[in-house]
Amino acid sequence: MTAPAAETSVFLAACRRRPVPYTPIWIMRQAGRYLPEYRQLRAKVDFETLTRTPELAAEVTLQPLKRFALDAAILFSDIMTPLQGMGVDLSFAPGPVVREPLRTLAAIEALRELEPERDVPFVLESIRLVRAAVPRDVPLIGFAGGPFTLFCYLVCGRPEKEFETARAFLYSQPQASLRLLERLADAMSAYLAAQASAGAQALMLFESWAGLLAPPAFERFALHAAQRTLAALRGTGVPRIYYVNQAGALMEAVAGVDAEVIGVDWRVPLDQVRRRLGPDKAVQGNLDPAALFASADELERQAARVLAEAGPAPGHIFNLGHGIWPQADPQAVARLVDYVHDRSARAAPAAKALS
Ligand code: 1CP
């Protein structure tokens, strides 16, 4: 059984909109190429082997926690990893490359159903290893790609600037598109449920490219499928985080989703995000990843602005608005983490120790 970490974790308390002694922080893509120790390991071992070898995946997951006072760990893996378990021939260069992009209903129907214990046992084993190694007050976030983001890579075959091929496919083959999204939604709910059973204490859906859609298409294709994934996870009892990049025009639609936390990019101030989402959602974000390249003073001003915009109400998890860049300086991350903790602890007069 999952340990009852909710009492001791500031991150999990914030997910549930409970009062916290300081604002918790973690960094999207916190394990990865901006860390010299990650690059050192990558010089010897390719990315896929890292993700498929539990001891190595656990080691990389823990790397940022050894450097920074982060409030959560996120499993080292990739959103595309489970798709290999569904029979997709995939490589990384470094972004995902699908050898035979899915462009017909027959190809979509031919995907294997994902059975996590059979198809991705190494992910579940990595989770067990990390859980055994991290302190109880630092929870582990499991994750999956949002159905529409996975759809983008599967239909395009490789990253495209605005995933034009996938967006055209939505309009040229709406029924096949809906079927693929439905299959991905079901696979990702099975995948995330298995991660929770293995010990993940929060579950995050990364919908990195859904912000490319106009609101009606977002609702019909991306949100509908994400809702199917998230609703199926309600019974796991762990907080669900729905991250949508470039969601400025989509916030009202996102507000209705079955998740405890909404992750947002940096383009919309958090006071506006809070107003548009309503009081029932916690928010995660949303410093511009570029701000890590500012002077120390300016970085602090930017972080202070994000904290001020999030306001005093409970339910804010500090993060970047999107993944950290490989060129970022780890020292800037250290400064940011410490600053967010200090500043938010001072600003929280009603701060109580977690019971
Ligand atoms: O060469 C290498 O080392 C591989 C680069 C790399 C890494 C480090 C890829 C290929 N994936 C990852 C790890 C990864 N990917 C993590 C774990 C690290 C952490 O968060 O601590 C996570 C959560 C992801 C998720 C991911 N992969 C997303 C969603 C988040 C986001 O940033 O939007 C997306 C869109 C991907 C696709 C992907 N995989 C890899 C790359 C370079 C990309 C982006 C390709 C593109 O630009 O479209």
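For the structure, check the block above.
Figured I'd write up the structure that's included with this text.

Rules used throughout
- Residues numbered from 1 in each chain as written.
- Predicted model: local features only at pLDDT ≥ 70, side-chain atom pairs only at ≥ 80, totals over all residues.
- Heavy atoms only, no water.
- Helix = DSSP H or I, 4+ residues; strand = E, 2+ residues; numbered from the N terminus.
- Rg over C-alpha atoms; globule rule 2.2 N^0.38 Å.
- Buried < 20%, exposed > 50% of the residue type's maximum accessible area, 1.4 Å probe, protein only.
- Contact = heavy atoms within 4.5 Å.
- Areas by Shrake-Rupley, 256 points an atom, 1.4 Å probe, with all protein chains shown as cover.
- Lys, Arg positive; Asp, Glu negative; His and termini not counted.
- Charge placed at Lys NZ, Arg CZ, Asp CG, Glu CD.
- Polar contact = N/O pair within 3.5 Å; in protein donor to acceptor, adjacent residues only side chain to side chain.
- Near = heavy atom within 4 Å.
- 1 Å grid on protein atoms, 1.4 Å probe; cavity = no way out; pocket = protein on both sides within 12 Å on 5 of 7 lines; lining within 4 Å.
- Sits in = over half its atoms within 2 Å of the grid points.
- Nonpolar A, V, L, I, M, F, W, Y, C, P; charged D, E, K, R; others polar.
- Patch = residues over 30% accessible without salt bridge, like charges linked within 9 Å, V, L, I, M, F, W, Y side chains within 5 Å.
- Salt bridge = Lys/Arg side-chain N within 4 Å of Asp/Glu carboxyl O.
- Core = buried A, V, L, I, M, F, W, Y, C linked by side-chain atoms within 4.5 Å.
- Arc of directions from axis to C-beta.

### Focus on the overall build of the protein
Helix and strand counts for the protein stand at 16 helices and nine strands. Over its C-alpha trace the protein gives a radius of gyration of 19 Å, about what one expects of a compact globule, namely 20 Å for 355 residues. In terms of principal-axis extent, the alpha carbons of the protein reach across some 60 × 45 × 40 Å. Burial statistics for the protein: of 355 residues in total, 57% are counted as buried. The contacts in the protein between residues at least 6 apart in sequence include a share of 73% that link residues at least 24 apart. Carbon and sulfur atoms make up 52% of the accessible area of the protein, which amounts to about 14,400 Å² in all. Of the side chains in the protein, 38 bear a positive and 38 a negative charge, and the two mean positions are spaced by 1 Å.

### Here's the deal with the side chain of T229
Here T229 lies in helix α12 (residues 215-231). Here T229 falls in the buried class, since its relative accessible area comes to 0%. Of note is the side chain of T229, whose polar atom sits 3.0 Å from the backbone oxygen of A185. Among residues more than four places away in sequence, those in contact with T229 are P147, A185, M188, S189, L192 and L205.

### So, the site of the ligand
Lining the immediate environment of the ligand, one finds 24 residues, of which Y38, D78, Y153, S208 and H322 sit closest. Contact between the ligand and Q30: an oxygen atom at 3.2 Å from a main-chain N or O atom of the residue. In this structure, D78 approaches the ligand through a side-chain N or O atom, which is 2.7 Å from a nitrogen atom. Summarising the interface, the protein chains cover 90% of the accessible area of the ligand, which totals 880 Å² for the free molecule. When atoms are counted within 2 Å of each cavity's grid points, the one that captures over half of the ligand is the largest pocket. Counted by class, the shell around the ligand contains 15 nonpolar, five polar and four charged residues.

### Quick look at a negative patch on the surface
Taken together, the side chains of D297, E300, D338 and D342 make up a negatively charged region of the molecular surface. Breaking the negative patch down by element, the ones donating at least two residues are α15 (296-310) and α16 (330-347). Structurally, E300 is set in helix α15.

### Examining the nonpolar core
Of all hydrophobic cores here, the largest spans 139 residues; its most connected members are F11, W26, F151, F218, Y242 and L336. Examining the composition of this core, we find that 12 residues originate from one element, helix α11 (residues 174-198), more than from any other.

### Some remarks on helix α14 (residues 270-277)
Turning to α14, its buried residues number three or more, namely L270, V273, R274 and L277. Buried residues in α14, looked at end-on, bunch into an arc of 100°, giving them a common side. Residues of α14 that are buried make contact with α13 (251-254), β7 (261-264), β8 (282-287), α15 and β9 (316-320). One or two positions beyond α14, positive phi appears at G278, with a value near 85°.

### A closer look at the pairing of strand β4 (residues 140-145)
Among the six residues that make up β4, six are buried, leaving the element largely enclosed by the rest of the structure. Every second residue of β4 is oriented toward a common face, with L140, G142 and A144 on one face and I141, F143 and G145 on the other, all of them buried.

### Some remarks on unusual backbone geometry
Between A93 and P94 the backbone carries a cis peptide bond, its omega angle lying at -20°. Along the chain, P94 turns up in the loop between β2 (90-92) and β3 (96-98). In this structure, N286 follows G285 across a cis peptide bond, with omega equal to -10°. With respect to the element layout, N286 can be found in strand β8. Positive phi is not limited to glycine here, since F163 has a value of about 45°. Inspection of the secondary structure puts F163 in the loop between α9 (147-156) and α10 (164-172). The backbone of Q246 shows a phi angle near 55°, a positive value even though the residue is not glycine. Its location among the elements puts Q246 in the loop between β6 (240-244) and α13.

Just distances and angles here, no functional claims.
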